[in-house]
Each structure stands twice: as C-alpha cells, then as structure tokens.
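A structural walkthrough
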Amino acid sequence: TLLLLTNVEIKPTLKGVLWVVMAYVARWRVEEMIRFIKQSYKLEDIRLRSYNGLRNMTALVMACASFVSLQLGLQAKLQIFMRKLLSKLQGARSSPSCSSPRRPFASYLMRYI
C-alpha cells in the first residue's frame, strides 16, 4: 500500500489522483538527480568563500551533469536504432531478391556500433 500525503486539494477522481502521483514521481526524480550529483561529483567537498561562488559552482556542476546525461541518453537511443537497422538490413540481405556482389552496407555500419 502506498500512502501519499499532499496539501493540494484535488477532486476525488482518477485524473486528480494521477496528477498527484505524477507530481510526486517528478519531484522524486529531481531529488535523486541532486543526490547523485552531490555524491558523484563530491559537491559538498568543494570549499568556496562566498554564497555566490557556491551557487555558481552548483549551477555549473548541475548543467554539466544534465548535459552528460542527455548525451548518454541520445547515444543509447542511437545505438538501439542502429542495431535495429542493422538487423533489418541483414534480414533483407539474406533474402534471395537481394544479391549484390559489393560489400554489404550492414558490415559498414558495424564499425559505428
């Protein structure tokens, strides 16, 4: 059983309950990202003399971490796409209607996966 406490008034409908659950999940993701950044980049070990310096350093580290996670996500999606494309091309290559003496395009793509 999951119990979520909220101070937001919602209508007792499925849509209202789902809104609260989705807001909770979104906040949880943000909290997990901040925890990951603090632990991975040792953000609490950085010693700065002013609040502005700390704020700027935190913003810089969070921007870098967000960029890296976005790039890794895009790279993973591209690798999945290339593997699917490669399997389709290999399937088409094995069909009797496709008989080319040249080097298959699928083997060319293998270098990039």
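The residue numbering used here restarts from 1 in each chain and proceeds along that chain's sequence as written. The predicted origin of the model limits local features to residues at a pLDDT of at least 70 and limits the giving and counting of side-chain atom pairs to 80 or more, whereas totals for whole chains, interfaces and linings rest on all residues. Computation of side-chain values: all heavy atoms of the structure, hydrogens and water removed.

Describing the overall build of the chain
A tally of helices and strands in the chain yields three helices and zero strands. Across the chain, helices and strands are ordered from the amino to the carboxyl terminus as α-α-α. When a residue's accessible area, from a 1.4 Å probe over protein chains only, is under 20% of the maximum for its type it is buried; when over 50% it is exposed; and in between it is partly exposed. Sorting the 113 residues of the chain into buried and exposed places 9% on the buried side. Within the chain, contacts between residues at least 6 apart in sequence are counted, and of these 32% link residues at least 24 apart. Surface accessibility follows the Shrake-Rupley procedure with a 1.4 Å probe radius. Residue values consider only the protein chains on display as shielding. As displayed, the chain has an accessible area near 10,200 Å², and 63% of this comes from carbon and sulfur atoms. Under the DSSP-based scheme used, a helix requires at least four consecutive residues in state H or I and a strand at least two consecutive residues in state E, with every element numbered from the N terminus. Between two residues, a contact is recorded if the distance between any of their heavy atoms is within 4.5 Å.

Here's the deal with helix H1 (residues 14–40)
Think of an α-helix as turning once every 3.6 residues; residues three or four places apart then point the same way. Multiplying 1.5 Å by the helix residue count minus one yields the expected span of that helix. With 27 residues, H1 should cover 39 Å at 1.5 Å per step; its first-to-last C-alpha distance of 38 Å lies within 8% of that length. Listed as buried for H1 are Gly16, Val20 and Ile37.

Focus: the confidence of the model for the chain
Known as pLDDT, the predictor's confidence for each residue is given on a scale from 0 to 100. Here the chain averages 77 in pLDDT, and 80% of its residues register 70 or above. When pLDDT is averaged over each element of the chain, H1 comes out on top at 85 and helix H3 (residues 105–109) at the bottom at 54.

Comments concerning the pattern of salt bridges
Pairing is possible between side chains that carry opposite charge, provided their charged atoms lie close to one another. Whenever a carboxyl oxygen of Asp or Glu lies within 4 Å of a side-chain nitrogen of Lys or Arg, that contact is scored as a salt bridge. Under the defined criterion, the tally for this structure stands at two salt bridges. As a salt-bridge pair, Glu31 and Arg27 come within 3.4 Å of each other at their nearest N and O atoms. A residue pair is termed a helical-turn pair when its members lie 3 or 4 positions apart in one helix, as Glu31 and Arg27 do in helix H1 at four residues. Between Glu32 and Arg35 there is a salt bridge, with the nearest N and O atoms lying 2.7 Å from each other. Placement of the pair is Glu32 and Arg35 together in helix H1, with a separation of three residues, close to one helical turn. Judged by relative accessible area, Arg35 falls into the partly exposed class, the value being 40%.

Notes on the environment of Lys38
Its place among the elements puts Lys38 in helix H1. Judged by its relative accessible area of 36%, Lys38 is partly exposed. Between the alpha carbons of Lys38 and Met62 there is a distance of 9.4 Å; along the sequence they are 24 residues apart.

Side note on a nonpolar patch on the surface
Taken together, the side chains of Val8, Ile10, Val17 and Trp19 define a hydrophobic patch exposed on the protein surface, amounting to about 350 Å² of accessible area. Mapped onto the secondary structure, Val17 falls in helix H1. Judged by its relative accessible area of 41%, Val17 falls in the partly exposed class. Residues enter patches when they are more than 30% accessible in relative terms and free of salt bridges; like-charged ones are connected within 9 Å and nonpolar ones (Val, Leu, Ile, Met, Phe, Trp, Tyr) within 5 Å.

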